[in-house]
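Listed below are the residues making up each chain.
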Amino acid sequence: MAADVRSANVLILAPVGRDAEACAKLVEQAGLASRVCVDVSDLITELDLDADLALIAEEALYRKALDPLEAWVIAQPPWSDLPFVVLTNHNASMRFTRFRRDLVRKLRNVSFLERPMQAISLQAAVLTAERGRSRQYQARAYLEVQRNAAAELERLVARRTASLEEANNRLRTESEQRERAQTALMQAQKIETMGQLVGGVAHDFNNLLMAVIGNLDLLAKRIGDDPRKARLLEGALEGARRGATLTQRLLAFVRRQELQARPTDVVALIEDMRGLISRSVGPLIEVNVIASRATPAVNIDPNQLEMAVLNLAVNARDAMPAGGALTIALDHQLVAAGGDLALAPGAYVRLSVQDNGEGMDSATLARAVEPFFSTKGTGRGTGLGLSMVHGLANQSGGAFRLESRLDLGTKAELWLPVADRAVDTIAQLHIPHTLTSSATILLVDDDALIAASTAALLEDLGHRVVEAHSGKEALAILEEGLNPDLVVTDYAMPGMTGLDLALTLRVRDPELPILLATGYADLHGESPIELPRLAKPYTQEQLSLEIARLLPDRATRALGAAFRPGLRT
Ligand SMILES: Nc1ncnc2c1ncn2[C@@H]1O[C@H](COP(=O)(O)OP(=O)(O)OP(=O)(O)O)[C@@H](O)[C@H]1O
Ligand SMILES: [Mg+2]
C-alpha cells in the first residue's frame, strides 16, 4: 500500500495482546495517522479532540458501559456520522450476536471485520471508512457555505428591512407634517374667509356708528341743562361707544384696524397694567409677572396690546371661577426659518398669559380663535376676544399661539417682533385742542350720512365746510376755484380712493394739508405717501385735535379769505 501522507486520524482501541500495535502499523502503511487509546473513556476524549474514524476490537466494548459512547454518537452535528470499524472474534454465540446488533444500533455507522483477517482487508476497510468520512467533511463545508450565504442573506434582508423601515418612518413623519400643515392652512383659510365676511360688515357698521356718535356729540351740546335728557343721551352715546369697541375688535381680527405701531417697552406696559389686571380678575386670582428688565422693545400699538392682554386676562379669570394663578411672562426669543409659527426669522418677544383654570378640550381649542365663537352663553361673551388678539399679532408681524389642556389650564402666547429702534423718549409735543379761528375744509365722503354728520361736527367747531361725494367731485370743486385750508377725505370710496385723491392733490399743491379718515385702510407699508390719519368712528374732540395738528398756525390767519373764485396757481 502506498505511504502517501494523509491527515486523517484513526483512533485505535484494541487493549488485548498486540493487536493495537499491529493495527497501527497497518494503518500507517495505508497512509493514515493513528492514535492508540487505552479504554472507552480515553476513546471518547480523543473523539472529542479530533478523529476521522475509530478502529475497535470488539472485546474492548464487550460488557462495557457504552452509554457515554452512544451519547457522543447522538451528539454529533447533522453532517457527521463517524465511521466505526469493529474487529470481531470468531465467536458466533447468541450473546455475541446480540451484542453486535446492539453495537450497530448504538454506533450507527459500523462495519465489522472478522479476525483473523488479511492486512489488505483491514486497510481497505479503513480507507473506505476514511473516504466516507471525507464525504462528510465535504458536506460540512457545503453546509458551511450555505449557512454563510444564509447569514449574509439574512444580514442583507435585515439591512434592507431597516432602510425600508427608515424610509417608511420618514414618509410617515412627512405625511404627518403635511397633514398638520394642511390642517393649519385650512384653519387659516377658514379664518381668512370669515375675516373677509366680518370685515365688510364691521366696516359698514363702523361708518354707521360714525354718524350716530357724531350726531349725538352735537346733540349733547344743544340739550341744555336738563339732567334727564343728558342721561338719555349719555345712554345712547355709551351704547354707540360699546358698538365702536366691538367693531374695533372685529377690525382688529380681520387685521384692518388702524394700528399706531411704535417701539414699546412691553415690560413697562405690563407693569403699568398690573393694577388694572388685578382688579379685572378679582381677589381670588393671584397675578404673577415674570419678566427680565432686559426684554427689548417691540414694535406694536401699545393701546391695542393692552386690550389684548386684558382680553387674555379676562378669559383666564372666566376659566378660574374658584380662583387660581395667572402668570404673565415675557422673554426674548430668536426664531429661525421654517418654524411651526410661520414667523419670519428674527428676534421676538414672547408674551405669554397662562392660567391653571378649566382649560379647553381639543374641539373648543380648535375653534377658540374663530370670531363669535364663545362657550360663555348668550350675552356673556362676544367670542371676539381671541380673534382680536390673533389679528393684532398677525398684523404686527408676529403670531399668536394657544395651548390648552382640559382641567389643567391654558397658555396664550403672543410673539411680537423686536423693534429695530429704541422706545421714543421725547415727550409728546403739547398740541392745542381747539382752534381760535375758522378754516375752510373740503370734506370728501361717498356716504351722504357720514358726510352730513362730519360736516355738522366741523361746522360746530366753527369751520366752513364744502362737501364732495367722490374724489372726482372734489377735484371738480377745486377746479372751480375753491382754495381750502384742509381736505378731509374718506379712504374707502368707489372709483377713486382717498389715497388716490391725496396723490393727485399733492401734485397740484404739495403744501395742502390732507387728513385721511379711515376705519378700514390697511395702508401699512403700501402707502406711497405719509398721510395723517383719523380712525373712524371719531369724536368731535379727536377731529378737532387732528385739525389743530395740521393747521397749527390757523389761529393767526384771517377768517373769510378761504373761498376765492378763480383758478389756483
Ligand atoms: N383661558 C381660557 N381657558 C379656557 N377657555 C378659554 C380661555 N380663553 C378662551 N377660552 C375659550 O375660547 C372661547 C373664545 O374666547 P374669546 O375670548 O374669543 O371669546 P369669549 O371670551 O367667549 O368672549 P369675550 O372675549 O367677548 O368675552 C371662550 O368662550 C372659551 O370657551
Ligand atoms: Mg374673551
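This one's a predicted model, so the numbers in the text were calculated from it and none came from an experiment.

A. Fine view of the sheet that holds strand β4 (residues 84-88). Taken in spatial order, the five strands line up as β2-β1-β3-β4-β5 in an open sheet, and their pairing is parallel. Of all the strands in the sheet, just β2 (33-37) and β5 (110-114) have a single pairing partner and so form its edges. Adjacent strand axes in the sheet meet at a mean angle of 20 degrees when their direction is disregarded. With respect to the sheet, helix α1 (residues 19-29) is in contact with β1 (9-13), β2 and β3 (53-57), its orientation differing from that of β2 by roughly 165 degrees. Contacts from helix α4 (residues 94-107) reach β4 and β5 within the one sheet, and its direction differs from that of β5 by about 145 degrees.

B. How the structure looks around the site of ligand 1. Residues in contact with ligand 1 amount to 23 residues; listed here are only the nearest, Asn315, Ala319, Ser374, Gly381 and Gly385. Where the shell around ligand 1 is concerned, the elements lending two or more residues are α8 (302-319) and α10 (385-395). In terms of residue class, the shell around ligand 1 is made up of seven nonpolar, 13 polar and three charged.

C. A look at the nonpolar core. One finds Ala308, Leu312, Ala313, Val389, Leu414 and Leu416 to be the most contacted residues of the largest nonpolar core, which totals 45 residues. In terms of residue count, α8 provides more of this core than any other element does, six residues in total. The contact partners of Leu414, leaving out residues within four places of it in the chain, are Ala308, Leu351, Val389, Ala393, Gly398 and Phe400. The next biggest cluster of nonpolar side chains, apart from the first, holds 37 residues, and it includes Leu442, Leu515, Leu534 and Ile547.

D. Representation of the environment of Trp415. With respect to the helices and strands, the residue Trp415 is situated in strand β12 (residues 409-417). Each C-alpha atom of the pair Trp415 and Val298 lies 9.7 Å from the other, and the pair is 117 residues apart in sequence. When residues no more than four places from it in sequence are discounted, the contact partners of Trp415 are Leu341, Leu343, Tyr348, Arg350, Ala393, Gly398 and Ala399.

E. Summary view of the pairing of β4. Most of β4 sits out of view: four of its five residues are buried. Taken together, the four bridges between β3 and β4 define a ladder with parallel strand orientation. By the bridge assignment, Ala57 is partnered in β4 with Leu87. Chirality of the crossover, the property in question, places the unit of β3, helix α3 (residues 67-74) and β4 among those that are right-handed. With five bridges joining them, β4 and β5 adopt parallel strand pairing. The residue of β5 that forms the bridge with Leu87 is Leu113. Traced from β4 through α4 to β5, the parallel crossover comes out right-handed.

F. Representation of the sheet that holds β12 within the structure. Strand order in the open sheet formed by five strands is β7-β9-β10-β12-β11, with mixed pairing between adjacent strands. Looking at which strands have only one partner, the edges of the open sheet turn out to be β7 (285-291) and β11 (399-405). For this sheet, the mean angle separating the axes of adjacent strands, direction not counted, is 15 degrees. The pairing of strand β9 (residues 324-335) with strand β10 (residues 346-355) spans 10 bridges and is antiparallel. Within the sheet, the bridge partner assigned to Gln333 lies in β10 and is Tyr348. Its contacts with the sheet put α10 on β11 and β12, and the angle it makes with β11 is roughly 140 degrees.

G. Up close: the domain arrangement of the protein chain. Entries for the protein chain in the domain assignment read domain 1 (9-117), domain 2 (261-417) and domain 3 (440-556). With centres defined by C-alpha atoms, the gap from domain 1 to domain 3 works out at 124 Å.

H. Structural view of α10. Burial within α10 is extensive, with 10 of its 11 residues counted as buried. Buried residues of α10: Gly385, Leu386, Ser387, Met388, Val389, His390, Gly391, Leu392, Ala393 and Gln395, and no others. Next to the buried residues of α10 lie α6 (227-253), α8, β11 and β12.

I. Focus on the confidence of the model for the protein chain. Averaged over every residue, the pLDDT of the protein chain is 86; residues scoring 70 or more account for 91%. The weakest mean pLDDT in the protein chain belongs to α6 at 82; the strongest belongs to β3 at 97. Confidence drops under pLDDT 50 across residues 1-6; counting only partners more than four residues distant or on other chains, this segment forms 11 contacts. Scored below 50 in pLDDT, residues 426-436 shows 16 contacts in the model against residues more than four places distant or in partner chains.

Reading the values: the criteria
Residues numbered from 1 in each chain as written. Chains lettered and ligands numbered in written order. Predicted model: local features only at pLDDT ≥ 70, side-chain atom pairs only at ≥ 80, totals over all residues. Pairing = 2+ DSSP bridges. Helix = DSSP H or I, 4+ residues; strand = E, 2+ residues; numbered from the N terminus. Axes fitted to C-alpha atoms, helices over the stretch in contact; angles between N-to-C directions. Contact = placed C-beta atoms within 7 Å. Near = placed C-beta within 6 Å. Nonpolar A, V, L, I, M, F, W, Y, C, P; charged D, E, K, R; others polar. Core = buried A, V, L, I, M, F, W, Y, C linked by C-beta atoms within 7 Å. Buried ≥ 20, exposed ≤ 12 C-beta atoms within 10 Å, placed from the backbone. Right-handed = clockwise from strand over helix to strand, strands pointing away. Domains from an automatic or database assignment. pLDDT = per-residue confidence, 0-100.

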